[in-house]
Amino acid sequence: MFLNPYFSAQGKQFQFTREQASHFAKKVAGDFNPIHDEDSKRFCVPGDLLFAVLLNQEGVSQKMRFNFSGMVNDGIALEVSEKGDHDSALVDANGKEYLHMTHQGEVNKDPQFIEHVVKSYVQFSGMNFPHIMVPLMEEKQMMINCQRPLVIYESMEVEFDHLNLTHPEVEFNGATFDIEGKRGTVTMNFEFKEDGKVIGRGSKRMVASGLKPYDQDAVDDLVNRFNERKDAFLAVHA
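Given the structure is predicted, the values throughout are model-derived calculations rather than measurements.

Conventions used here
Residues numbered from 1 in each chain as written. Predicted model: local features only at pLDDT ≥ 70, side-chain atom pairs only at ≥ 80, totals over all residues. Heavy atoms only, no water. Salt bridge = Lys/Arg side-chain N within 4 Å of Asp/Glu carboxyl O. Helix = DSSP H or I, 4+ residues; strand = E, 2+ residues; numbered from the N terminus. Buried < 20%, exposed > 50% of the residue type's maximum accessible area, 1.4 Å probe, protein only. Pairing = 2+ DSSP bridges. Axes fitted to C-alpha atoms, helices over the stretch in contact; angles between N-to-C directions. Contact = heavy atoms within 4.5 Å. Disulfide = S-S within 2.5 Å. Expected span 1.5 Å × (residues − 1).

Engineer: Could you clarify how one ought to interpret the pattern of salt bridges in this entry?
Structural biologist: When the charged atoms of two side chains with opposite charge come close together, those side chains can pair. Counted by the stated rule, this structure contains 10 salt bridges. With a closest N to O distance of 3.1 Å, Arg201 and Asp161 form a salt bridge. Of the two residues, Arg201 is situated in strand E11 (residues 197-208) and Asp161 in the loop between strand E8 (151-160) and strand E9 (169-180); the sequence distance between them amounts to 40 residues. Arg201 sits in the partly exposed class, given a relative accessible area of 38%.

Now the structure itself:
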């Protein structure tokens, strides 16, 4: 299973080291958000990795919604808790919930199909910065704090027309940036396509706080630092 290098399981529980979580973000999702760096003081496990592990256990449902409610640090043991016929969650030993999934319709538990859906989605999901965020910030003339950038994954939902599929691919379908004061919500819309036909659609929402007036030099510096970190990692781990 392609996820095996990125978590450690013991019985029903699983957890993540900083290296596992960081390498998933960078190698699989192409996500170089500093909070996923192994040495980050604000380190957290990528939401896309939590999503991937949950789908790996529960399968892909025709209609799904994911709500993130807590940041997972390294070494926190999690397990899947069934909340009912249509609800599952990732919880720790104290029952604290970090990711909640509501699902309906048919379910596909084929490992190859799940892997394909997960990889296609997280590669899209990880491209939010700079490819999507920077044009949105320029358009709204508001930006995140470039010295302490923090954008939190809030929720995602997806619905397939059916699950008689083998290789659906995600395509970006536009994004919006809704701002209220110093807080903004980024919504990334996407479609799933197979053989040229749209067979599913969804959206991902992220929350950005501490917004300030747009400064092109500060944004350019942030993008340059992002690219330098990306190049340095890939030079070692290509």
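Engineer: Which parts of the structure should I look at to understand unusual backbone geometry?
Structural biologist: The bulk of non-glycine residues show a negative phi, and the bulk of peptide bonds are trans. The peptide bond linking Phe129 to Pro130 adopts the cis configuration, its omega dihedral lying at 0°. By the element assignment, Pro130 lies in the loop between helix H3 (111-125) and helix H4 (133-140). Residues other than glycine seldom take positive phi values, yet Gln141 does so here, at roughly 55°. Relative to the elements of secondary structure, Gln141 occurs in the loop between H4 and strand E7 (142-143). Using a relative accessible area of 45% as the deciding quantity, one classes Gln141 as partly exposed. Phi at Asp195 takes a positive value of approximately 55°, unusual for a residue other than glycine.

Engineer: Before we go on, may I ask you to explain the sheet that holds strand E6 (residues 97-108) in this structure?
Structural biologist: One key point about sheets: their strands pair by backbone hydrogen bonds, in either a parallel or an antiparallel sense. Sheet architecture is open: eight strands sit in the order E4-E5-E6-E3-E8-E11-E10-E9, paired in antiparallel fashion. Of all the strands in the sheet, just strand E4 (79-84) and E9 have a single pairing partner and so form its edges. Between one strand axis and the next, the sheet turns by 20° as a mean value, whatever way the strands run. Note: strand E5 (residues 87-91) against E6, five bridges, orientation antiparallel. By the bridge assignment, Ala89 is partnered in E6 with His100.

Engineer: Hey, could you run me through the environment of His23 in this one?
Structural biologist: Secondary-structure assignment places His23 in helix H1 (residues 18-28). Accessibility expressed as a relative area gives 9% for His23, which makes it buried. Spatially, the C-alpha atom of His23 lies 17 Å from that of Phe129, the residues being 106 residues apart in sequence. With near-sequence residues (within four places) excluded, His23 lies in contact with Tyr6, Val28, Glu38, Phe233 and His237.

Engineer: Whenever I open this one, the state of the cysteines confuses me. Can you help?
Structural biologist: The term disulfide refers to a covalent linkage connecting the sulfur atoms of a pair of cysteines. Counting across every chain of the model gives zero disulfides. Considering cysteine sulfurs only, Cys146 is the nearest to Cys44, which forms no disulfide, with 19 Å between them.

Engineer: Just to check I follow, could you spell out helix H2 (residues 47-58) for this structure?
Structural biologist: Because an α-helix packs 3.6 residues into every turn, residues spaced three or four apart end up facing the same way. Here H2 is 12 residues long and its end C-alpha atoms lie 16 Å apart, about the 16 Å a rise of 1.5 Å per residue gives. In terms of residue burial, H2 counts as a mostly covered element, since 10 of its 12 residues are buried. Within H2, the full set of buried residues consists of Gly47, Asp48, Leu49, Leu50, Phe51, Ala52, Val53, Leu54, Leu55 and Glu58. Phi turns positive one or two residues past the end of H2, at Gly59, with a value near 85°.

Any functional reading would require information beyond the geometric quantities listed.
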